[in-house]
Amino acid sequence: MSEKQNSAWSPSSRELERRKSRQSISRKQAGIAAASTILVLGTLALILVTSPGWETVKATFFDIDYGREVFPTVIQGLWINLQLTFIGGAAIGVIALGLALLRTTKSPALTPFRFLATAYVDIFRGAPLILIILLVGFGVPALGLTGVSSNVIFLGTVAVVLTYSAYVAEVIRSGILSIHPSQRAAARSLGLTSGQTMRFVVLPQAIRRVVPPLLNDFVSLLKDTGLVSILGVTDAVRAAQINASRTFNYTPYVVAAILFLLITIPMTRYTDRAIRQRTSAQNSEGAI
Amino acid sequence: MSNVLELVNVRKSFGAEVVLKDLSLAVPEHTATVLIGASGSGKSTLLRCINLLETIDDGQIFLDGQEISDPLMDVDEVRRRLGMVFQSFNLFPHKTVLENITLSPIKVHGKSKDEANTHATQLLKRFDLADKADQYPDRLSGGQQQRVAIIRSLAVNPRLLLLDEVTSALDPVLVNEVLSAVRDLKSDGMTMVLATHEMGFATQVADEVCFLESGSVIERGTPEQVLHNPQNPKTQEFLKRVHQAGRL
């Protein structure tokens, strides 16, 4: 209803003054930020470099030449972690959604499945991931079942998927429960069935709401794929371990850590941004 | 009589949309200024600019003679002198009625818990809500919630109370209990700026009525002048439509 910007308007002298004042405030703040950053980081760097053990630390953890030498094997291992993350992530998404739907269903016919889903989540969310990896990775091949792969990468992925499905199911379920009942009431009164209500009204809102925590879980999934190295999978962690134990120089671990960070840090930044955007999109209360 | 609030040529735009245009307003102490106008005419934006929830693009806003639109002003300190009641109540659902009311007195104004509780209980008694002190907001009716929101904004003894369509989310029966609470405040001498669609109520409490259209006040005066004998054709048209909707 408002009129379009009136081109005849030019800011009053008071507004110009105010803009100048705002500029000087933000300049002052930038100055303070820069000074404090230089002071704090500079002091930390100084303490680090002048500390007595620094030379030994550098040789043991930050041997650049050795790092360069092991880099190809570590990055090859990282490729396994990434494959595991993406293939596992897709499987986790599907299973977790199913579990979450089962746990929130009120349909009487599905009651036993609801109990089973609850038991599943309780067990796999409660047991340490490393234990599940050992059980599946070493236990399943010991059964000698025909038709079941004994490929450690496959079994490692299965173990991770089993555990993470339980985590992610709970995140999705909390999203579903967070949708206000009035939304369901509105959808049902439009004649949508309970399935349609879930599919078209509740789930879309719930998933949007839980995207930030899901991205969080995705980051930890990538890190936890490193645990399959205990099965003998030559992932980035295992590759680094092999190299480190050969020379007792721990630079390969640092290389692996840096490679993980190069992936996880941008991912967490992206998650932070997603959370911020979600909050500001839902919040019409201005910049307080 | 000094002006508690004064707006001089205030301008606010969102992108290319000019929402407030050269808007000037003076609110003397112990008076109530009522803003009327169609949805989108800028009433809520005006209140949010006064509360510094929005930064104005030009003009000046004075509170007790002090320019609060100055970027160097401490916005928290300014807001401590203002009370605001929202259309959608905005009570904190995880706190009881009493905790909602005493939060700011204790955390912001440094009152002791006993002092804050005593004051809150007095206010609750006055507005017939004494028995709800320990309930959670979701347990109350809309009218009760809005009265709690009003009490919450009063608990810090504001210089100026801003009320943004406080009855728009209520049914007609509940509207009355909220309006009578506002009338009580008015007779206590509280200085207020209200945006409302309740014309009858505006007649009762307003010292000045301002009709907003496209971000400007195009007619202002006493309730009798503006609501019963409007001069501007746009005001006449608006009031005719309100009248047809049965709200005058």
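Going along each chain's sequence as written, the residues are numbered from 1 onward. Naming scheme: in the order in which they are written, chains are lettered from A and ligands are numbered from 1. It should be noted that, the model being predicted, local features are given only for residues of pLDDT at least 70 and side-chain atom pairs only at 80 or more, the latter also being counted only at that level, while totals for whole chains, interfaces and linings use all residues.

1. Points about the overall build of chain B
The helix and strand labels rest on DSSP assignments: H or I over at least four residues marks a helix, E over at least two residues marks a strand, and numbering proceeds from the N terminus. Broken down by element type, chain B carries 9 helices and 10 strands. Over its C-alpha atoms chain B spans a radius of gyration of 18 Å, differing by no more than 12% from the 18 Å that the globule rule assigns to 248 residues. Dimensions of chain B, computed from the C-alpha atoms along their principal axes, are close to 55 × 45 × 35 Å. Pairs at least 24 residues apart make up 65% of the contacts formed inside chain B by residues separated by at least 6 positions. The atom set for the radius of gyration is the C-alpha atoms, and the globule formula is 2.2 Å times the number of residues raised to the power 0.38. Contact criterion: two residues are in contact if their C-beta atoms, reconstructed from the backbone, are within 7 Å.

2. Let's talk about unusual backbone geometry
Residues and elements named next belong to chain B. Not every positive phi belongs to a glycine, and Asn157 is a case in point at roughly 45°. Considering the arrangement of structural elements, one finds Asn157 in the loop between α5 (142–154) and β7 (160–164). Overall, the presence of 12 C-beta atoms within 10 Å leaves Asn157 in the exposed class. A positive phi angle is found at Ser214, which is not glycine, with a value near 50°. Buried means a residue has 20 or more other C-beta atoms within 10 Å of its own C-beta, exposed means 12 or fewer, and partly exposed covers the counts in between; C-beta atoms are placed from the backbone.

3. Quick word on the sheet that holds strand β8 (residues 192–195) of chain B
Residue and element names in this part refer to chain B. The strand order β6-β7-β8-β3-β9-β10 describes an open sheet built from 6 strands, whose pairing is mixed. In this open sheet, the two edge strands, each paired with only one partner strand, are β6 (82–85) and β10 (216–221). Averaged over all pairs of adjacent strands, the angle between strand axes in this sheet comes to 20°, irrespective of strand direction. The pairing criterion for strands is at least two bridges between them, as found by DSSP. For strand β9 (residues 208–213) and β10, the ladder comprises 5 bridges, and the chain directions are antiparallel. Within the sheet, the bridge partner assigned to Val209 lies in β10 and is Gly221. In this description, a line fitted to the C-alpha atoms serves as the axis of each element, helices being fitted only across the stretch in contact, and the angle between N-to-C directions of two axes falls anywhere from 0 to 180 degrees.

4. Considerations on the pairing of strand β1 (residues 3–14) of chain B
Residues and elements named next belong to chain B. Both β1 and strand β2 (residues 17–28) contribute to a ladder of 8 bridges, which runs antiparallel. Residue pairing for β2: Ser13 is matched across the bridge by Val18. If you look at the hairpin formed by β1 and β2, you'll find 2 residues sitting between the two strands, and Gly15 has a positive phi there, around 60°.

5. Concerning the pairing of β6 of chain B
All names here are of chain B. Covered by surrounding structure in β6 are Leu82 and Met84 together with Gly83 and Val85, the residues of both alternating faces. Pairing analysis gives 4 bridges linking β6 to β7, with the strands arranged parallel. Note that in β7 the partner of Leu82 across the bridge is Leu160.

6. Some remarks on the packing of helix α7 (residues 181–189) of chain A against helix α8 (residues 194–224) of chain A
All names here are of chain A. Where α7 meets α8, the closest approach of the two axes is 10 Å, and the angle between their N-to-C directions is 155°. In terms of orientation, α7 and α8 fall into the roughly antiparallel class. When the axes of α7 and α8 are compared, the crossing they make is right-handed. Judged by residue contacts, Gln183, Arg184, Ala187 and Arg188 of α7 engage Thr197, Val201, Val202 and Gln205 from α8. Gly is put with the polar residues, along with every residue not named as nonpolar or charged; the nonpolar set is Ala, Val, Leu, Ile, Met, Phe, Trp, Tyr, Cys and Pro, and the charged set is Asp, Glu, Lys and Arg. Classifying every residue of the contact of α7 with α8 by side-chain character gives 3 nonpolar, 3 polar and 2 charged. What sets the label is the angle itself: under 35 degrees gives roughly parallel, over 145 gives roughly antiparallel, 65 to 115 gives roughly perpendicular, and the rest give oblique. In this scheme the handedness of a crossing depends on how the near helix is turned from the far one: anticlockwise by less than a right angle means left-handed, clockwise means right-handed.

Without other data, these values stay purely geometric and don't point to any function.
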